[in-house]
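Below, each chain spelled out in residue letters.
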Amino acid sequence: MEFEMAYQARVAIDRIKFAIKHAEQFALPCDAMREAGLQLLDALERLEALDRRFQIRSRVASGHRNGRERSNRSGVAR
């Protein structure tokens, strides 16, 4: 379930980046577009922070699994 959420977050990040790029490139500058851009940037930052936390937790969990596998192979139970 977590991996599916992480994947969906990456898809959303890519789509938000696309929307920001195109809004900056093609939209007429006005207060509403600036506000929309700020909202998109905020959403992007939140998703990227979530993605970083997931990556860190995945590395930590992977390290714990690898440590157990090594200790089990050496005959030491944890």
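Above this text is the structure in question.
The sections below set out a description of the structure shown in this document.

The rules behind each value
Every chain is numbered independently, its residues counted from 1 as its sequence is written. Given that this is a predicted model, residues contribute local features only at a pLDDT of at least 70 and side-chain atom pairs are listed and counted only at 80 or more, while totals for whole chains, interfaces and linings are drawn from all residues. Only hydrogens and water are set aside; all other atoms, that is, all heavy atoms of the structure, feed into the side-chain values. Each helix is a run of H or I in the DSSP string that is no shorter than four residues. Each strand is a run of E no shorter than two, and both are numbered from the N terminus. Using the Shrake-Rupley algorithm and a 1.4 Å probe, accessible areas are obtained, with residue cover drawn only from the displayed protein chains. Salt bridge, as used here: a side-chain nitrogen of Lys or Arg that lies within 4 Å of a carboxyl oxygen of Asp or Glu. Buried, partly exposed and exposed residues are distinguished by accessible area as a fraction of the type maximum, computed with a 1.4 Å probe on protein chains only: under 20%, between the cut-offs, and over 50%, respectively. Geometry of aromatic contacts follows a simple scheme: Phe, Tyr and Trp rings, the Trp one being its six-membered ring, pair when their centres are within 6.5 Å, and the pair is stacked under 30 degrees between planes, edge-to-face over 60, tilted otherwise. Definition used in this section: a nonpolar core is a set of buried Ala, Val, Leu, Ile, Met, Phe, Trp, Tyr and Cys residues joined via side-chain atoms within 4.5 Å. Here a polar contact means two N or O atoms within 3.5 Å. Within protein one must be a hydrogen donor candidate and the other an acceptor candidate, and residues neighboring in sequence count only if both atoms are side-chain atoms. To estimate how far a helix should extend, the number of its residues minus one is multiplied by 1.5 Å.

Scanning the protein chain for helices and strands turns up 2 helices and 0 strands. Total accessible area on the protein chain is roughly 6,500 Å²; 58% of this is exposed by carbon and sulfur atoms.

Let us look at the pattern of salt bridges. The tally for this structure, following the rule as stated, stands at 5 salt bridges. Notably, a salt bridge pairs R10 with D51, separated by 3.1 Å at the nearest N-O pair. Separated by 41 residues along the polypeptide, R10 in helix α1 (residues 2–26) and D51 in helix α2 (residues 31–73) bring together distant segments of the chain. A relative accessible area of 32% places R10 in the partly exposed class. Judged by its relative accessible area of 10%, D51 falls in the buried class.

One pass over the full model with this rule turns up 1 aromatic pair. Geometrically, the ring pair formed by F3 and F54 is edge-to-face, given 5.5 Å between the ring centres and 90 degrees between the ring planes. Within this pair, whereas F3 is found in helix α1, its partner F54 is found in helix α2, the two being separated by 51 residues in sequence. Given a relative accessible area of 62%, F3 falls into the exposed group. Given a relative accessible area of 12%, F54 falls into the buried group.

Let us look at the environment of R46. On the secondary structure map, R46 appears in helix α2. For the pair R46 and A9, spaced 37 residues apart in the sequence, the C-alpha separation amounts to 9.9 Å.

Moving on, we come to the nonpolar core. Nonpolar side chains in soluble globular proteins generally cluster together in the buried interior. One finds A9, I13, I16, I20, L44 and L47 forming the largest nonpolar core, which totals 6 residues. Elements that contribute at least two residues to this core include exactly α1 and α2.

Relative to the assigned elements, R57 resides in helix α2. The class for R57 is partly exposed, based on a relative accessible area of 47%. Polar side-chain contacts of R57 include one of 2.3 Å to the side chain of E2.

Before going further, it helps to spend a moment on α1. The terminal C-alpha atoms of α1, which comprises 25 residues, lie 36 Å apart, in line with the 36 Å expected from a rise of 1.5 Å per residue. Within α1 the residues assigned to the buried category are A6, A9, I13, I16 and I20.

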